[in-house]
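Report on the structure
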Amino acid sequence: MYNLLAIILKKRMDLKFKTSADFRARIVEFPGLWMSAPEITALRQDLRAVAHRSVPDGSLDYGVFSDSEDVLNRTIVTLVYRISDGQPVAFNALPVIGLSLSGKPADVLHLGLVIVDPAVRSQGLSWILYGLTCFLLFVRNQLRPLWISNVTQVPAVAGMVAETFSNVFPAPTRGARRSLRQHLIATEIMASHRHVFGVGPEAGFDADRFVITNAYTGGSDNLKKTFEVAPKHRKAEYNDFCAAELDYERGDDLIQIGQLDLNAAQRYLLESVPRNALGRLAVASFVILMQRLFLPVLHWADGKRQWGILRPFIR
């Protein structure tokens, strides 16, 4: 009971729970804002350990692997550990990109860098790495739609994003169209935030097709793949779409923009989450809801904190 209360009282998300008999996950929100220096060091060591076993040359130079001190201030990290030996085996670093849409601030969840140890691939971790954190943020956002972005040249990932989220563009599905908001989001991301996913300033952007040309020059060089090597989707239409739209020799990427809404959340629960994990997901969602409901009450009762014009600062 004490551990549950301690989690609920935290201002930022920090969840630890078993996802199956073999793996456990930890989700930490903006660790750079609240973790101690030793905790940050340990977190970075776990991330690098996974990359070392998974990426050619074992090194990347962007996102959570860059030397920038504030990267972890706007990144939500999902780490998966093997229970048998406690080793980190996979992670998703999900940056939150702050934009301005129609003169109003808006956050876009960038699906970010996902790396899985080759030893545990095809062991049912995709529901954790590609949807779990987004789903919990959707719950905390009171089921209001959230914008998501994704940059990839991997047909399996492009297809998974198109099938998991709503109104995704680009996608080979019939009726997939680029909306004005999607155009504004993509162009602003490419104008000001391409460093988030390791794309250099020399890369081009085809705003009609949402294709980034010569994308692997800004720190993500070791992730470049040929079409033959890139993991394929079970549906040929996604493989054919990527082969037609992307120049793999040059190093192109799709930038996909979509939404996590009620329909997408329902698809995630029904199609992605294993039946035996629904109970654990329900507990995690309950914790997020309690945090959302309880913390405002706690903050209101704290007479030492300013609350705009309602409560001036009191020493």
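Residues numbered from 1 in each chain as written. Predicted model: local features only at pLDDT ≥ 70, side-chain atom pairs only at ≥ 80, totals over all residues. Heavy atoms only, no water.

1. Notes on the overall build of the protein
What the protein contains, in helices and strands, is eight helices and 11 strands. A total of 315 residues make up the protein; the buried ones form 49% of that total. In the protein, once contacts between residues fewer than 6 apart in sequence are set aside, the share between residues at least 24 apart is 66%. Of the roughly 15,700 Å² of accessible surface on the protein, 55% is carried by carbon and sulfur atoms. (Helix = DSSP H or I, 4+ residues; strand = E, 2+ residues; numbered from the N terminus. Buried < 20%, exposed > 50% of the residue type's maximum accessible area, 1.4 Å probe, protein only. Contact = heavy atoms within 4.5 Å. Areas by Shrake-Rupley, 256 points an atom, 1.4 Å probe, with all protein chains shown as cover.)

2. Describing the pairing of strand β2 (residues 23-29)
For a regular strand, the rule is simple: side chains alternate between the two faces of the sheet. Summarising burial for β2: five of the seven residues are buried, a large majority. Judged from the five bridges that link them, strand β1 (residues 14-18) and β2 form a sheet pairing that is antiparallel. Across the sheet, residue leucine 15 finds its bridge partner in β2, namely isoleucine 27. Hairpin geometry of β1 and β2 is characterised by an intervening segment of four residues between the two adjacent antiparallel strands. Bridge analysis of β2 against strand β3 (residues 75-82) gives seven bridges, and the strand direction is antiparallel. Each bridged residue has a counterpart across the sheet, and for arginine 24 the counterpart in β3 is tyrosine 81. (Pairing = 2+ DSSP bridges.)

3. Some words on the packing of helix α4 (residues 155-164) against helix α6 (residues 236-245)
With their axes 9 Å apart at the nearest point, α4 and α6 run at an angle of 120° to one another. The two elements α4 and α6 meet at a crossing, and its hand is right-handed. Of α6, the residues touching α4 (which contributes Pro155, Ala158, Gly159, Ala162 and Glu163) are Tyr238, Asn239 and Cys242. Tallied by class, the residues present in the contact of α4 with α6 amount to five nonpolar, two polar and one charged. (Axes fitted to C-alpha atoms, helices over the stretch in contact; angles between N-to-C directions. Left-handed = near helix turned anticlockwise from the far one by under 90°. Nonpolar A, V, L, I, M, F, W, Y, C, P; charged D, E, K, R; others polar.)

4. As for the environment of glutamine 153
Structurally, the position occupied by glutamine 153 is in the loop between β7 (146-152) and α4. Owing to a relative accessible area of 1%, glutamine 153 belongs among the buried residues under this scheme. Separated by 102 residues in the primary sequence, glutamine 153 and isoleucine 255 place their C-alpha atoms 9.0 Å from one another. With residues up to four places along the chain from it excluded, the contact list for glutamine 153 reads Tyr216, Leu223, Lys224, Lys225, Ala230, Leu246, Tyr248, Asp252 and Asp253.

5. Details of the side chain of histidine 193
Tracing the backbone shows histidine 193 in the loop between α5 (180-192) and β9 (204-206). Residue histidine 193 is classed as buried on the basis of its relative accessible area of 17%. At 3.5 Å, the side chain of histidine 193 forms a polar contact with the backbone oxygen of glycine 98. Those residues in contact with histidine 193, other than ones at most four positions away along the chain, are Ile97, Gly98, Leu99 and Glu188. (Polar contact = N/O pair within 3.5 Å; in protein donor to acceptor, adjacent residues only side chain to side chain.)

6. Focus: the environment of arginine 74
Relative to the elements of secondary structure, arginine 74 occurs in the loop between α2 (37-54) and β3. On the basis of relative accessibility, which here comes to 36%, the residue arginine 74 falls in the partly exposed class. Along the backbone, arginine 74 and glycine 98 are 24 residues apart, and their C-alpha atoms lie at a distance of 9.2 Å. Those residues in contact with arginine 74, other than ones at most four positions away along the chain, are Phe30, Leu94, Pro95, Val96, Ile97, Gly98 and Asp107.

7. Section: the side chain of threonine 152
On the secondary structure map, threonine 152 appears in strand β7. Polar side-chain contacts of threonine 152 include one of 3.0 Å to the backbone nitrogen of valine 154. Those residues in contact with threonine 152 that sit more than four places away from it in its chain are Val157, Ala158, Leu246, Asp253, Leu254 and Gln256.

8. A look at the packing of helix α3 (residues 126-140) against helix α7 (residues 262-272)
The interhelical angle for the contact between α3 and α7, taken along N-to-C directions, is 140°, at an axis separation of 11 Å. One finds that α3 runs oblique with respect to α7. Crossing hand, α3 versus α7: left-handed. Each of Trp127, Gly131, Leu132, Phe135 and Phe138 in α3 lies in contact with α7, whose residues at this interface are Leu262, Ala265, Tyr268, Leu269 and Ser272. Split by residue class, the contact of α3 with α7 holds eight nonpolar, two polar and no charged. (Parallel < 35°, antiparallel > 145°, perpendicular 65-115°, else oblique.)

Remember, this is a structural readout, not a statement about activity or role.
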